[in-house]
Amino acid sequence: MVFEYRHLKNSFAVLIGAVALISITSCKLISQEDGKLEKANEAFQNKDFVTAYNIYSDLATEGNVRAQVRLGDMYKVGVNGVPENDSLAASWYRKAAERGDANASFNLAGMYWEGEGVPRDAVKGYAWHLVSASQGNPVEHKMMTEKRNNMNILENKISDSQDKITRDRSKLSTLRVKLQKLYSFTALAGSDIKMRYD
């Protein structure tokens, strides 16, 4: 029993050591990544878009969500040295959105609504708006509330229009019956008048 306990104790110590090593390595990688991101942001602010693009591109390819969003932004508007390309913008936004970025989800939703870089699809646009809201985008919460209110208003207008159409059809049917009676009466009166003059 003592052997098993020591073995378990040694395994646990190795596991703790491995977790610590992974944490230290991850922290170093994250700080290096953050340093690169800061350089890219600085280059972007200084309007050195080619340098910013190159750094963002490397980071985005490695999976950095903030760089993916920034690269999507650069492709969306097109900046000196980076041509406007809605298809690539949507692709980078999708990658970042799938990794939890609310702004990327919001941007992707707008692209679906407008059909920019992706086929126009209101259902996918609405779905990405919901994703963005669930990811905590405060603007999205407000917009979704407005959209729901607008949809309710439209549903009420449609319902009112359908009621009006039903009323108009009923009026038309009543008018048709009256016209048929009038026509019948006119036809009878005309034949009666014709007989009197014959």
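Just so we're clear, the structure is a prediction, and the values are computed from it rather than from any experiment.

### A closer look at the overall build of the protein
Reasoning step 1: A tally of helices and strands in the protein yields seven helices and zero strands.
Reasoning step 2: The secondary structure elements of the protein, listed N-terminal to C-terminal, are α-α-α-α-α-α-α.
Reasoning step 3: Every one of the 198 residues in the protein was classed for burial, and the buried ones make up 23%.
Reasoning step 4: For the protein, contacts bridging at least 24 residues in sequence account for 40% of all contacts bridging at least 6.
Reasoning step 5: For the protein, the exposed surface amounts to about 14200 Å²; the carbon and sulfur share of it is 59%.

### Description of the packing of aromatic side chains
Reasoning step 1: Tallied over the full model, the rule gives two aromatic pairs.
Reasoning step 2: For R70, the ring lying beneath its charged end belongs to F44, and the centroid distance is 4.1 Å.
Reasoning step 3: Positioned above the aromatic ring of W92 is the side chain of K95, whose terminal nitrogen or guanidinium carbon lies 4.4 Å from the ring centre.

### A word on the confidence of the model for the protein
Reasoning step 1: Considering every residue of the protein, the mean pLDDT works out to 80; 77% of them sit at 70 or more.
Reasoning step 2: Mean pLDDT per element in the protein: helix α1 (residues 2-45) is the minimum at 59, and helix α4 (residues 86-98) is the maximum at 96.
Reasoning step 3: Overall, residues 17-21 carries pLDDT values under 50, and its contacts beyond four positions in sequence, including any with other chains, amount to zero contacts.
Reasoning step 4: Counting contacts from residues 23-30, a segment whose pLDDT is below 50, to residues more than four positions away or on other chains yields zero contacts.

### Topic: the packing of helix α3 (residues 65-77) against α4
Reasoning step 1: Contact geometry of α3 with α4 gives a least axis separation of 8 Å together with a crossing angle of 160 degrees. Put simply, α3 runs roughly antiparallel to α4. Along this stretch, α3 crosses α4, giving a crossing that reads as left-handed. Mapping the contact onto sequence places V65, Q68, V69, L71, G72, D73, Y75 and K76 in α3 and D86, L88, A89, W92, Y93, K95 and A96 in α4.
Reasoning step 2: Counted by class, the contact of α3 with α4 contains nine nonpolar, two polar and four charged residues.

### What about helix α5 (residues 102-114)?
Reasoning step 1: Taking 1.5 Å as the rise per residue, α5 with 13 residues should run 18 Å; its terminal C-alpha atoms sit 19 Å apart, in good agreement.
Reasoning step 2: Among all positions of α5, only A102, A104, S105, L108, A109, M111 and Y112 are buried.
Reasoning step 3: Among the structural elements, α3, α4 and α6 (122-134) are those in contact with the buried residues of α5.
Reasoning step 4: Its side-chain oxygen placed 3.1 Å from the backbone nitrogen of N103, D101 serves as the N-cap of α5.
Reasoning step 5: Positioned one or two residues after α5, G115 has a phi angle of 70 degrees, which is positive.

### A look at a nonpolar patch on the surface
Reasoning step 1: Among the surface-exposed residues, L172, L175, L179, L182 and F185 lie close enough to one another that they form a single nonpolar patch of about 520 Å² accessible area.
Reasoning step 2: Looking at the element boundaries, L179 is found in helix α7 (residues 138-197).

### What about the packing of α4 against α5?
Reasoning step 1: Two elements in contact, α4 and α5, have axes whose closest approach is 8 Å; the angle formed by their N-to-C orientations is 140 degrees. Taken together, the axes of α4 and α5 lie oblique to each other. Crossing hand, α4 versus α5: left-handed. Of α5, the residues touching α4 (which contributes D86, A89, A90, Y93, R94, A96 and A97) are A104, S105, N107, L108, M111 and Y112.
Reasoning step 2: Classifying every residue of the contact of α4 with α5 by side-chain character gives nine nonpolar, two polar and two charged.

### What to know about helix α2 (residues 49-61)
Reasoning step 1: Across its 13 residues, α2 extends 18 Å between first and last C-alpha, which sits within 8% of the 18 Å expected from 1.5 Å per residue.
Reasoning step 2: Considered for burial, the residues of α2 that qualify are F49, A52, I55, Y56, S57, L59 and A60.
Reasoning step 3: One or two steps after α2, the chain reaches G63, where phi turns positive at roughly 105 degrees.

### A few points about the side chain of D101
Reasoning step 1: Following the sequence through the fold, D101 ends up in the loop between α4 and α5.
Reasoning step 2: With no salt bridge to any partner, buried D101 finds its closest opposite charge in R66, at an N-O distance of 7.5 Å.
Reasoning step 3: Engagement of the side chain of D101 in a polar contact is seen with the backbone nitrogen of N103, the distance being 3.1 Å.
Reasoning step 4: Setting aside chain neighbours within four positions, we find D101 in contact with V65, V69, A96 and Q135.

Reading the values: the criteria
- Residues numbered from 1 in each chain as written.
- Predicted model: local features only at pLDDT ≥ 70, side-chain atom pairs only at ≥ 80, totals over all residues.
- Heavy atoms only, no water.
- Helix = DSSP H or I, 4+ residues; strand = E, 2+ residues; numbered from the N terminus.
- Buried < 20%, exposed > 50% of the residue type's maximum accessible area, 1.4 Å probe, protein only.
- Contact = heavy atoms within 4.5 Å.
- Areas by Shrake-Rupley, 256 points an atom, 1.4 Å probe, with all protein chains shown as cover.
- Phe/Tyr/Trp six-rings, centres within 6.5 Å; stacked < 30°, edge-to-face > 60°.
- Lys NZ or Arg CZ within 6 Å of the ring centre and 35° of its normal.
- pLDDT = per-residue confidence, 0-100.
- Axes fitted to C-alpha atoms, helices over the stretch in contact; angles between N-to-C directions.
- Parallel < 35°, antiparallel > 145°, perpendicular 65-115°, else oblique.
- Left-handed = near helix turned anticlockwise from the far one by under 90°.
- Nonpolar A, V, L, I, M, F, W, Y, C, P; charged D, E, K, R; others polar.
- Expected span 1.5 Å × (residues − 1).
- Polar contact = N/O pair within 3.5 Å; in protein donor to acceptor, adjacent residues only side chain to side chain.
- Patch = residues over 30% accessible without salt bridge, like charges linked within 9 Å, V, L, I, M, F, W, Y side chains within 5 Å.
- Salt bridge = Lys/Arg side-chain N within 4 Å of Asp/Glu carboxyl O.
- Lys, Arg positive; Asp, Glu negative; His and termini not counted.

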